[in-house]
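A look at the structure
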Amino acid sequence: MATESVRCTNCGYEGGNFKFDGKFGRCPACRGMFTLKQAETFAKVDVDRAKDIQNLRKLLAAAVKKDDVLGIDSHAGKIKELLPEDYTAGYYYAYARKRRGQPAYMADFLKTDGKDIAPAEKEAILEHLIRASDLRDKYEVNDYIDGLDGINRAVYIKQNDAAYAEKKRTEENYEDVPRDVFVCHRSKNAAIAEAAVKALERDGNACWISTRNLRPNDEKNYWDSIRKAIVNCKLFLVISGEAAMVSADCKEEINIARELNKPRLEYKIDTSAHTPLFKSFFDGVQWIEAWDDPSASLHKLSKRVFLELDNLRNGKKANETDKLDELKDLIRSQTASVPTAAVGHGGGASIASLLKKARIELGDGDYKKAEQTCERIAEIDPENGELWECRWLIENEASDLDALSRRVKELSQSRNYQKVLRFGSAAVKERCTAAADKAKKNLAAKQERERIKAAEEAERQRIADAEEAERRRVEEAKEAKRRAEEAERRRVADAEAEKRRAKEAERQRIADAEAEKRRRVEEAEEAKRKRRRTRRYCIVPVVALAGEVLAYILGNFTFLVVFGVIAVYGGNLTNIIVVGVMQKKRGDRKAAMWLSIGLGVAALFLFALLIRILPSQM
């Protein structure tokens, strides 16, 4: 066949290099398989329409993923208009039509043989068909699978049977049938509510809880389904807490239960105070505390539910203490009703009562009494698997398997556990193995956490050491920098001090030079002043001497006497003044002494001259 006349029905590729195997081909682009007949038909479609088909396939895949029935119907129908023989589009179109109330389309599709369809296409359709088919379609789907070729029919039939069993179990959850306990809870507390349901159903009670028994996406019948469930329940249990007290749905369910006057129990998961509605609804009913010890509280809940349902069956009304006493009396009476020596393996009722008693004693934490009860069971039936289950619990001081499964240890090495595996029924073995496996996983998880914690601690220590080393390095660098800065400051301070000292010395030198200059100037000026004073002081005696000489020449006796007196006294006065002044300057004493001597000699000369002259004149 020429590759030009073929186009991949999966991706639209038509470039050639197709691989053919009989009626099928493989696309080199998307690696998908296709039938030659459909590929030939698709090759005849023009390019624009081919692109439209590819887009529609993408839209169809997205609608299938979201289970959008209208989208599946629309996109599959459009593909069938363009490619009437497209097998995948034909299946999804039939599926959408069935979901929209026309099951005949799916019935017709299941009658096709699908012989000319690629195996990958068949497998994709089968996966969706097995998952999405109804319970009533089981045998039609098996017949359809049995009519296909190119697949492993046995595997797909087995998958369909398993899916049928799961759907049947799930569908039974939605059935409108009487149940023992209706569980009212807030979605926030779903995990606690489901744990309570698990504990109650382990004791054989049928429970209704919205997370499992309310059909998904059934908004139309939402409250009708809840009302029917409350009507059909024997006991109304509320997972009570602050979240439930403010929930509109919980309030509505409580109002329905109050309207129907349903027996009620309160499983209180926190210490919040009752709202008026809860106080009124649970007036006179002792709640079960569940905020301290979840395991013990679940055991108490199981006992209370057992007693309440038992009283409802027997038409009794009693408080909690009376009910516990009645239960103990019942166990004692049932145990005593069949003599130990006469029972053997036929004493099932007595063994069941003793087992129930042992479990109650385990729940109360009285392991010594539980062991005594187990001894009595061992005398009757030492190969009873539940006996060894109880002894396994006693050995580990656990109230039940839930508490035991939360342990962090290896439990499978216990001799009691080995006897459980040896003598226990399939159910006993399964639940005990599950508990042991969970405890082992807890141990492995703990060891892994410890390993991770040790690794994290080592990493934290390494990081802390690195940070400490870095901190020390930074501090040392800071200290070195500080010391360098301090040395630099000292060097700068010393340099500035030296500079200041040099400037001060220079200023001192200049000041001394200026002082020396001033001193020399002052000394020069003083010398000048001295010379001027000396000249001024010597004027009088010199003038007097000159006057005497002139008077002598002129022969004037009067002038001669006058000038003589002036010369004598003027010379002496000058001598005194000069000597007194000069004494202030030690360097001038010699000059002053010679000047005084000169003036004194001059004065004596004048006096001698006068003495000689005066008598001649007289």
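The preceding data block contains the structure.
Residues numbered from 1 in each chain as written. Predicted model: local features only at pLDDT ≥ 70, side-chain atom pairs only at ≥ 80, totals over all residues. Heavy atoms only, no water.

Moving on to the overall build of the chain. On a plain count of helices and strands, the chain comes out with 25 helices and eight strands. Expressed as a percentage of the 618 residues in the chain, the buried residues total 38%. Taking the contacts inside the chain whose residues are at least 6 apart along the sequence as the reference set, 58% of them involve residues at least 24 apart. Put simply, the chain shows about 36600 Å² of open surface, and 53% of that area lies on carbon and sulfur atoms. (Helix = DSSP H or I, 4+ residues; strand = E, 2+ residues; numbered from the N terminus. Buried < 20%, exposed > 50% of the residue type's maximum accessible area, 1.4 Å probe, protein only. Contact = heavy atoms within 4.5 Å. Areas by Shrake-Rupley, 256 points an atom, 1.4 Å probe, with all protein chains shown as cover.)

It is worth spelling out helix α8 (residues 153–173) at this point. Each turn of an α-helix holds 3.6 residues, which means side chains three or four residues apart point in the same direction. Under the 1.5 Å per step criterion, the end-to-end length of α8 is 30 Å for 21 residues, consistent within 8% with the ideal 30 Å. Within the sequence span of α8, burial applies to Tyr156, Asn160, Ala163, Lys167 and Asn173. Buried residues of α8, viewed axially, fall in a sector of 120°; they line one side. Away from its buried face by more than 90 degrees, α8 exposes Ala154 and Lys158. On its buried face, α8 sits against α6 (119–132), α7 (138–146), β4 (179–184) and α10 (210–213). (Expected span 1.5 Å × (residues − 1). Arc of directions from axis to C-beta.)

On to the sheet that holds strand β6 (residues 233–240), then. Pairing is parallel in the open sheet, where five strands are placed in the order β5-β4-β6-β7-β8. Since the sheet does not close on itself, it has two edges, and those belong to β5 (207–209) and β8 (288–289), each with one partner. When β4 meets β6, the two strands line up parallel, connected through five bridges. Bridge pairing in β6 places phenylalanine 182 opposite phenylalanine 236. Sheet contacts for helix α9 (residues 190–202): β4, β5, β6 and β7 (264–268); angle to β5, the most-contacted strand, approximately 165°. Strands β4, β5 and β6 of the sheet are contacted by helix α11 (residues 222–232), whose axis makes an angle of about 115° with β6. (Pairing = 2+ DSSP bridges. Axes fitted to C-alpha atoms, helices over the stretch in contact; angles between N-to-C directions.)

Scanning all chains against the criterion turns up zero disulfides. Between cysteine 184, a cysteine without a disulfide, and cysteine 250, which holds the nearest cysteine sulfur, the sulfur-to-sulfur distance is 4.0 Å. (Disulfide = S-S within 2.5 Å.)

Next up on the list: the pattern of salt bridges. Per the stated rule, a full pass over the model turns up 38 salt bridges. For glutamate 488, the salt bridge is made with arginine 491, and the minimal N-O distance between the two is 2.5 Å. Of this pair, glutamate 488 and arginine 491 are both found in helix α23 (residues 426–554), three residues apart, which corresponds to roughly one turn of the helix. Classification of glutamate 488 by relative accessible area gives partly exposed; the value is 37%. Exposure remark for arginine 491: the relative accessible area of 48% places this residue in the partly exposed category. (Salt bridge = Lys/Arg side-chain N within 4 Å of Asp/Glu carboxyl O.)

Among the secondary structure elements, glutamate 383 is positioned in the loop between α19 (367–380) and α20 (385–395). With 40 residues separating them along the chain, glutamate 383 and phenylalanine 423 place their C-alpha atoms 5.5 Å apart.

Attention shifts here to α19. Over its 14 residues, α19 runs 20 Å from end to end, which matches the ideal 20 Å to within 8%, given 1.5 Å per residue. The set of residues buried in α19 consists of Tyr367, Ala370, Thr373, Cys374, Ile377, Ala378 and Ile380. Looking straight down α19, one finds that the buried residues subtend no more than 150° of arc, so they occupy a single side. Seen from the open side of α19, the exposed residues pointing more than 90 degrees away from its buried face are Lys368 and Glu379.

Mapped onto the elements, asparagine 160 comes out in helix α8. A polar side-chain atom of asparagine 160 sits 2.7 Å from a polar atom in the side chain of asparagine 142. When near neighbours in sequence (up to four residues on either side) are disregarded, asparagine 160 contacts Ile130, Ser133, Lys138, Val141, Asn142 and Ile145. (Polar contact = N/O pair within 3.5 Å; in protein donor to acceptor, adjacent residues only side chain to side chain.)

This paragraph deals with the side chain of threonine 88. Position of threonine 88 among the secondary structure elements: in helix α4 (residues 87–99). What makes threonine 88 buried here is its relative accessible area of 19%. Those residues in contact with threonine 88 that lie beyond four places of it in its chain are Glu121 and Ile125.

Okay, the packing of α20 against helix α22 (residues 415–423) next. Two elements in contact, α20 and α22, have axes whose closest approach is 8 Å; the angle formed by their N-to-C orientations is 165°. Classified by the angle between their axes, α20 and α22 sit roughly antiparallel to one another. Crossing geometry of α20 relative to α22 is assigned as left-handed. Here Gly385, Trp388, Glu389, Arg391, Trp392 and Glu395 of α20 come into contact with α22, specifically with Asn416, Tyr417, Lys419, Val420 and Phe423. Here the residues of the contact of α20 with α22 sort into five nonpolar, two polar and four charged. (Parallel < 35°, antiparallel > 145°, perpendicular 65-115°, else oblique. Left-handed = near helix turned anticlockwise from the far one by under 90°. Nonpolar A, V, L, I, M, F, W, Y, C, P; charged D, E, K, R; others polar.)

With that out of the way, let us pick up the nonpolar core. The nonpolar side chains of a soluble globular protein tend to be buried with one another. Counting 31 residues, the largest nonpolar core has Ile72, Tyr91, Met106, Phe109, Leu126, Leu129 and Tyr144 as the members making the most contacts within it. Broken down by secondary-structure element, the contributors of at least two residues to this core are α2 (47–66), α3 (69–82), α4, α5 (104–110), α6, α7 and α8. A per-element tally of this core places α4 first, with eight residues. For phenylalanine 109, the residues in contact, after removing those within four places along its chain, are Tyr87, Gly90, Tyr91, Ala94, Ile125 and Tyr144. In this structure, Trp388, Leu393, Val420 and Ala435 belong to the second largest nonpolar core, which totals 29 residues. (Core = buried A, V, L, I, M, F, W, Y, C linked by side-chain atoms within 4.5 Å.)

The next point concerns the pairing of β4. In terms of residue burial, β4 counts as a mostly covered element, since six of its six residues are buried. Both β4 and β5 contribute to a ladder of three bridges, which runs parallel. In the sheet register, phenylalanine 182 faces β5, and the bridge partner there is tryptophan 208. Handedness of the crossover joining β4 and β5 through α9: right-handed. (Right-handed = clockwise from strand over helix to strand, strands pointing away.)

Moving on to the pairing of β7. Taken across its five residues, β7 has five buried, putting it largely inside the fold. With burial as the criterion, each face of β7 is covered, one bearing Arg264, Glu266 and Lys268 and the other bearing Leu265 and Tyr267. As paired elements, β6 and β7 share five bridges and run parallel to each other. Considered in β7, the bridge of valine 238 is made with glutamate 266. Relative to β8, β7 runs parallel, the two being bridged by two bridges. From the neighbouring strand, lysine 268 faces β8, where its bridge partner is glutamate 289. Read as a crossover between parallel neighbours, the route from β7 over helix α14 (residues 276–281) to β8 is right-handed.

A few words now on the packing of aromatic side chains. Applying the stated criterion across every chain, the model contains twelve aromatic pairs. Here tyrosine 91 and tyrosine 92 contribute two aromatic rings whose centre-to-centre distance is 5.0 Å and whose plane-to-plane angle is 65°, an arrangement assigned as edge-to-face. We note that tyrosine 91, like tyrosine 92, is buried. Ring centres 5.8 Å apart and planes at 40° place the aromatic pair phenylalanine 109 and tyrosine 144 in the tilted group. With phenylalanine 109 in helix α5 and tyrosine 144 in helix α7, this residue pair connects regions lying 35 residues apart in the sequence. Residue phenylalanine 109 shares its accessibility class with tyrosine 144, and that shared class is buried. The ring of tyrosine 164 carries the charged tip of lysine 138 above its face, separated from the ring centre by 4.4 Å. Between the NZ or CZ atom of lysine 268 and the centre of the ring of tryptophan 287, over which it lies, the distance is 5.2 Å. (Phe/Tyr/Trp six-rings, centres within 6.5 Å; stacked < 30°, edge-to-face > 60°. Lys NZ or Arg CZ within 6 Å of the ring centre and 35° of its normal.)

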